[in-house]
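# Understanding the architecture of this molecule
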Amino acid sequence: RFDAGPHVSYVTLDGDGFERQIGLGLQAVLGINDTTALDLRVYYDDIADLTPQFSFIDGNRESVRLTWDRRGPVARLRLSYGIERNDGEGAASSADRNRAMVRVTRPLPADWEVDAWGSYRTTRRDRLAQPVNERLFEWSVTAHRAMTADWLLQLGYYGADNDSDTPVYAYERNRMTIGLSKEF
């Protein structure tokens, strides 16, 4: 299977215009057998600020990701590796990144499904006066339950720990969610 197409996004930050992205994405999926596939995705984005205070983000982003996807009798396993190159007007928005990720999705009794993933990402900002290296660990566990009349219950946890040479880029994050949605 092969897909290609443009995408556009406008992002606000605290109510102010932040960025506009116009890009092109390509996806090629090669089925190896009935349960296994390789998925290659390539993206290019042209990025522009929406207000002068964010002019440092002007530039472009190129990324490529390869995923091995296996649907087994008990669970679905996805292993991914991606590379991202950012060339922004500002040195801080010109980061090179590499990310490895593992994701497992498994049905459970009583119409529940659990989705768990973890990733490790390295970031290097070489254009800063003093280059910065970051190491980001992220993990998430989410449980979904299909209910009657197209309703879906979701319980989730997300955590992140970003270690950096520079304290301004270091952070920890924890988020718990409970959601109830209806499909139309």
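Residues numbered from 1 in each chain as written. Predicted model: local features only at pLDDT ≥ 70, side-chain atom pairs only at ≥ 80, totals over all residues. Heavy atoms only, no water.

With that settled, consider the overall build of the protein chain. Helix and strand content of the protein chain: 0 helices and 10 strands. For the protein chain, the α and β elements follow one another from N to C terminus as β-β-β-β-β-β-β-β-β-β. Taking all 184 residues of the protein chain together, the buried fraction comes to 28%. Within the protein chain, contacts between residues at least 6 apart in sequence are counted, and of these 42% link residues at least 24 apart. Split by element, the accessible area of the protein chain, about 11,600 Å² in all, is 58% carbon and sulfur. Looking at the protein chain, you have 23 positive and 28 negative side-chain charges, and the mean spots of the two groups are 6 Å apart. (Helix = DSSP H or I, 4+ residues; strand = E, 2+ residues; numbered from the N terminus. Buried < 20%, exposed > 50% of the residue type's maximum accessible area, 1.4 Å probe, protein only. Contact = heavy atoms within 4.5 Å. Areas by Shrake-Rupley, 256 points an atom, 1.4 Å probe, with all protein chains shown as cover. Lys, Arg positive; Asp, Glu negative; His and termini not counted. Charge placed at Lys NZ, Arg CZ, Asp CG, Glu CD.)

Scanning all chains against the criterion turns up 15 salt bridges. Taking the shortest distance from any N to any O, the salt bridge between arginine 135 and aspartate 163 comes out at 3.1 Å. With arginine 135 in strand 8 (residues 132-146) and aspartate 163 in strand 9 (residues 151-164), the pair connects residues that are 28 residues apart, well separated along the chain. Overall, the relative accessible area of 26% leaves arginine 135 in the partly exposed class. Residue aspartate 163 is classed as partly exposed on the basis of its relative accessible area, which comes to 41%. In this structure, the salt-bridge partner of aspartate 165 is arginine 135, at a minimum N-O distance of 3.8 Å. Of this pair, aspartate 165 sits in the loop between strand 9 and strand 10 (171-182) while arginine 135 is found in strand 8, placing the two residues 30 residues apart along the sequence. Judged by relative accessible area, which is 45%, aspartate 165 ranks as partly exposed. (Salt bridge = Lys/Arg side-chain N within 4 Å of Asp/Glu carboxyl O.)

For the rest of this paragraph, the subject is the sheet that holds strand 10. In space, the 10 strands of this open sheet follow the order 1-2-3-4-5-6-7-8-9-10, with antiparallel pairing throughout. Both outer strands of the open sheet, strand 1 (2-13) and strand 10, are each paired with one neighbouring strand and no more. Pairs of neighbouring strands in the sheet enclose a mean axial angle of 15 degrees, with direction left out of account. In terms of strand pairing, strand 4 (residues 59-71) meets strand 5 (residues 76-88) through 13 bridges, oriented antiparallel. From the neighbouring strand, tryptophan 68 faces strand 5, where its bridge partner is leucine 79. (Pairing = 2+ DSSP bridges. Axes fitted to C-alpha atoms, helices over the stretch in contact; angles between N-to-C directions.)

All right, on to the packing of aromatic side chains then. Counted by the stated rule, this structure contains 4 aromatic pairs. Taken together, a centroid distance of 4.9 Å and an interplanar angle of 80 degrees make the contact between phenylalanine 18 and phenylalanine 54 edge-to-face. With phenylalanine 18 in strand 2 (residues 16-31) and phenylalanine 54 in the loop between strand 3 (36-49) and strand 4, the pair connects residues that are 36 residues apart, well separated along the chain. Just as phenylalanine 18 is buried, phenylalanine 54 falls in that class too. When the ring of tyrosine 120 is compared with that of phenylalanine 137, the centres are 4.8 Å apart and the planes differ by 45 degrees; the resulting orientation is tilted. With tyrosine 120 in strand 7 (residues 112-125) and phenylalanine 137 in strand 8, this pair connects stretches of sequence that are 17 residues apart. Through pairs of rings, three or more aromatic residues link up here, namely Phe18, Phe54 and Phe56. When the ring centre of tyrosine 169 is taken as origin, the NZ or CZ atom of arginine 125, which lies over that ring, is 4.3 Å away. (Phe/Tyr/Trp six-rings, centres within 6.5 Å; stacked < 30°, edge-to-face > 60°. Lys NZ or Arg CZ within 6 Å of the ring centre and 35° of its normal.)

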